[in-house]
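# Results of the structural survey
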Amino acid sequence: MAISNSQQKNSTIPDISNKKVLRIVIENLKQENLEISLAVFDDLAKIAQTEPKLHWQIMKALTNFVRNNASALPQAEIKGSNLLTVRADIQAALTVIASRNSKQDLENEQLDLSHTNISGAKLAEANLAQTNFYQTNLSGADLCRANLQGAILSAANLSGANLSGANLKEAILSAATLSGANLSGANLQRANLYLAKLDGAILNDAITTGANFRDTKFSQIINNQNISN
C-alpha cells in the first residue's frame, strides 16, 4: 500500500503525520514476498530526509525488506548463479539505502545486507561504506565508483561485477569470488583479499598498497602494474 504525498492530501485522515505513515508502511514491508508499490520507497526517502530522527528506523526497515525478499541462495547455487535481475521494489529499496545521508546513521550501527541474492543490482556511486554483505550474491552488480570502504564482503559473490573506480579501502573480501570482476582504478588499500578468487579479474590502475593477497587466486587477471602487497 503506497501512501504518497498526493494520497495524503486526499486522505480521510486529516494531517496524517510522518510517524503514522511510517508505521503503516513498515507493517507492509514486513510481509514477505509481497511486491510493494514503488511509491512507498519515494515516501520513505522523503521522510528520511525531512525527519532525521526516523532515518535509521527507515534504513533498518528497508534492509530487513531486502533480506526477507531477496532470498539467499545456497552457496553452491550462488557460485553458478546467472540471476542478473533484481525485482523492481527491491532495487527501489536498495536505491534509497545507497543514496541516504549517512551522517544521520546511528553511531556504531551497521547496514545489514548479508545472505541476500541481489545479483545484477544497480548501485553505481552508492554509499555503502561499512555495510555487511557477508555471503551476499552481487554477481553482475554495477558498483562503479561505489563507496565500499570498510565493507564486509567475506564469502560474497562479486563475479562479473563492475567495481571500476570503487572505494574498497580496508574492505574485507576474504574468500570472496571476484572472477571476471572489473576492478580497474579501484582503491584496494589495506583491503583483505585472503583466499579471494580473482580469476580473470581486471586490475588495471587499481591501488593495492597494503592489501592482503595471501593465498589469493590470480589466474588470467588483467593488470598493467605490479600488485603492491
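Structure shown above.
Residues numbered from 1 in each chain as written. Predicted model: local features only at pLDDT ≥ 70, side-chain atom pairs only at ≥ 80, totals over all residues. Heavy atoms only, no water.

## Quick word on the side chain of S139
Looking at the secondary structure, you find S139 in the segment after α6 (88-98). Side-chain polar atoms of S139 contact the side chain of N137, separated by 2.8 Å. (Helix = DSSP H or I, 4+ residues; strand = E, 2+ residues; numbered from the N terminus. Polar contact = N/O pair within 3.5 Å; in protein donor to acceptor, adjacent residues only side chain to side chain.)

## Observations concerning the packing of aromatic side chains
For the structure on display, the rule yields two aromatic pairs. Where F41 meets F65, the ring centres are 5.7 Å apart and the plane angle is 50°; that geometry is what we call tilted. Taken together, the positions of F41 in helix α3 (residues 39-50) and F65 in helix α4 (residues 55-69) put the pair 24 residues apart, joining distant regions of the chain. Residue F41 is classed as buried on the basis of its relative accessible area, which comes to 2%. Note on F213 and F218: the rings are 5.4 Å apart at their centroids and 50° apart in plane angle, and the pair reads as tilted. Relative accessible area serves as the criterion here: at 28%, F218 is assigned to the partly exposed category. (Phe/Tyr/Trp six-rings, centres within 6.5 Å; stacked < 30°, edge-to-face > 60°. Buried < 20%, exposed > 50% of the residue type's maximum accessible area, 1.4 Å probe, protein only.)

## Some words on unusual backbone geometry
What you tend to see is this: most non-glycine residues have negative phi, and most peptide bonds are trans. Of note, A175 is a non-glycine position whose phi angle comes to about 60°, a positive value. Tracing the backbone through its elements, the reader meets A175 in the segment after α6. Under the relative-accessibility criterion, A175 is labelled partly exposed at 41%. Of note, the phi angle at Q220 is positive, near 60°, even though the residue is not glycine. For Q220, the position within the fold is in the segment after α6.

## Here's the deal with the packing of helix α2 (residues 18-29) against α3
Contact geometry of α2 with α3 gives a least axis separation of 11 Å together with a crossing angle of 135°. The angle between the axes of α2 and α3 places the two elements in the oblique class. Crossing angle aside, the handedness with which α2 passes α3 is left-handed. Residues N18, V21, L22, V25 and L29 of α2 form the contact with α3, whose participating residues are V40, F41, L44, I47 and T50. Split by residue class, the contact of α2 with α3 holds eight nonpolar, two polar and no charged. (Axes fitted to C-alpha atoms, helices over the stretch in contact; angles between N-to-C directions. Parallel < 35°, antiparallel > 145°, perpendicular 65-115°, else oblique. Left-handed = near helix turned anticlockwise from the far one by under 90°. Contact = heavy atoms within 4.5 Å. Nonpolar A, V, L, I, M, F, W, Y, C, P; charged D, E, K, R; others polar.)

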